[in-house]
Amino acid sequence: MFIATLIAADRLSAGDISLASDLLADAGGDILGHEWIEPDKAADIRFSGDLVSARRALAALGAGIDHVAQPEAARAKKLFVADMDSTMITVECLDELADYAGFKPQVAAITERAMRGELDFVEALDERVSLLADMDAGVVTRCHDERVALSPGAVTLVRTMKARGAHTVLVSGGFTLFADRVAAEIGFDRVVANTLDIAAGRLTGRVARPVVDSATKQRVLQEETERLGLAASETLAIGDGANDLAMVEQAGLGVAYRGKPTLRDAADARIDHGDLTALLYAQGYPRKGWVES
């Protein structure tokens, strides 16, 4: 048995549910019924059939509706592993930090290519960080205070999952000077990120080794899954770029959030319209049970 969850950025109608049911049926699925999770906002359609075909068919839904099709069993996840930049927060920290040094256009261009998978992540990271050499380390705090904003729904998603017994991990190719604060603000149980090398209060332009990269993210997901004694189906991972591809492919439910094409094509689901609380609806949690502060 599978469930297709429809989540509207604005309003979900009975017509939207009917259209989705027709699309699933046309893809060879047997429709077993539907029910509201939240009236006018999110609904589940239960069906049997081929999951890959169902996901492909639902792509024809209209703008403003996200959809998550998955097995009904283990839809409530016990492990959540998330990327930070452009996922749990709205910006790329390195790009914003580079702005204080006058290099944002150059750094942002490299970041975009790296997130699309066109450049080696570690080489691109080293190249960008080298431009920050001799920057006062205190600028990092200023950058966080002035530029970093949590993505809508981030706190509610993490705190609600924790209240339901899930373990949560923030794993970032960004830096501990940002990630530690972000993790604390949102409520993550664990944070894994890169360390900027600092000497005499100034950035050296180097990143400490080993670098947190795509393989690290995948390994953290695997280690936490094994430590908690979970099946892969009980895990959820989310990111936006090529550096998140391995962990998103490995998770029981891998999600692209406003994702780059490489990740969007590989992910089990995409969140393009709603905020991060879409993943609470995907787990069957109505708003009345959310932890919102």
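Residues numbered from 1 in each chain as written. Predicted model: local features only at pLDDT ≥ 70, side-chain atom pairs only at ≥ 80, totals over all residues. Heavy atoms only, no water.

J.: I tried to follow the pairing of strand S1 (residues 2–8) on my own but got confused; where do I start?
T.: In regular strands, side chains alternate between the two faces of the sheet. In terms of burial, S1 is largely enclosed, as 7 of its 7 residues are buried. Burial along S1 is two-sided: Phe-2, Ala-4, Leu-6 and Ala-8 and Ile-3, Thr-5 and Ile-7, pointing in opposite directions, are all buried. Pairing analysis gives 6 bridges linking S1 to strand S3 (residues 42–48), with the strands arranged antiparallel. Looking at S3, one finds that Thr-5 is bridged to Asp-44. Relative to strand S4 (residues 65–71), S1 is paired through 7 bridges, and the arrangement is antiparallel. Among the inter-strand pairings, Leu-6 is bridged to a residue of S4, identified as His-67. (Buried < 20%, exposed > 50% of the residue type's maximum accessible area, 1.4 Å probe, protein only. Helix = DSSP H or I, 4+ residues; strand = E, 2+ residues; numbered from the N terminus. Pairing = 2+ DSSP bridges.)

J.: I tried to follow helix H5 (residues 104–115) on my own but got confused; where do I start?
T.: It helps to recall that an α-helix has 3.6 residues per turn; residues three or four apart then point in one direction. Taking 1.5 Å of rise per residue, 12 residues should cover 16 Å, and H5 covers 16 Å from first to last C-alpha, within 8% of that figure. Within the span of H5, buried status applies to Val-107, Ile-110, Thr-111, Ala-114 and Met-115. Down the axis of H5, the sector holding all buried residues measures 130°, keeping them to one side. (Expected span 1.5 Å × (residues − 1). Arc of directions from axis to C-beta.)

J.: Teacher, can you tell me more about the packing of aromatic side chains here?
T.: The geometry of an aromatic ring pair is captured by two quantities: the separation of the ring centres and the angle between the planes. Summed over all chains, the structure comprises 3 aromatic pairs. A centroid spacing of 6.3 Å and a plane angle of 20° characterise the contact between Phe-80 and Phe-188, whose relative ring orientation is stacked. Highlighted residues: Phe-80 in strand S5 (residues 79–82) and Phe-188 in the loop between helix H9 (176–186) and strand S7 (190–194), separated in sequence by 108 residues. For Phe-80, a relative accessible area of 0% translates into the label buried. The positively charged end of Arg-164 is found above the aromatic ring belonging to Tyr-285, 4.1 Å away from the centroid. (Phe/Tyr/Trp six-rings, centres within 6.5 Å; stacked < 30°, edge-to-face > 60°. Lys NZ or Arg CZ within 6 Å of the ring centre and 35° of its normal.)

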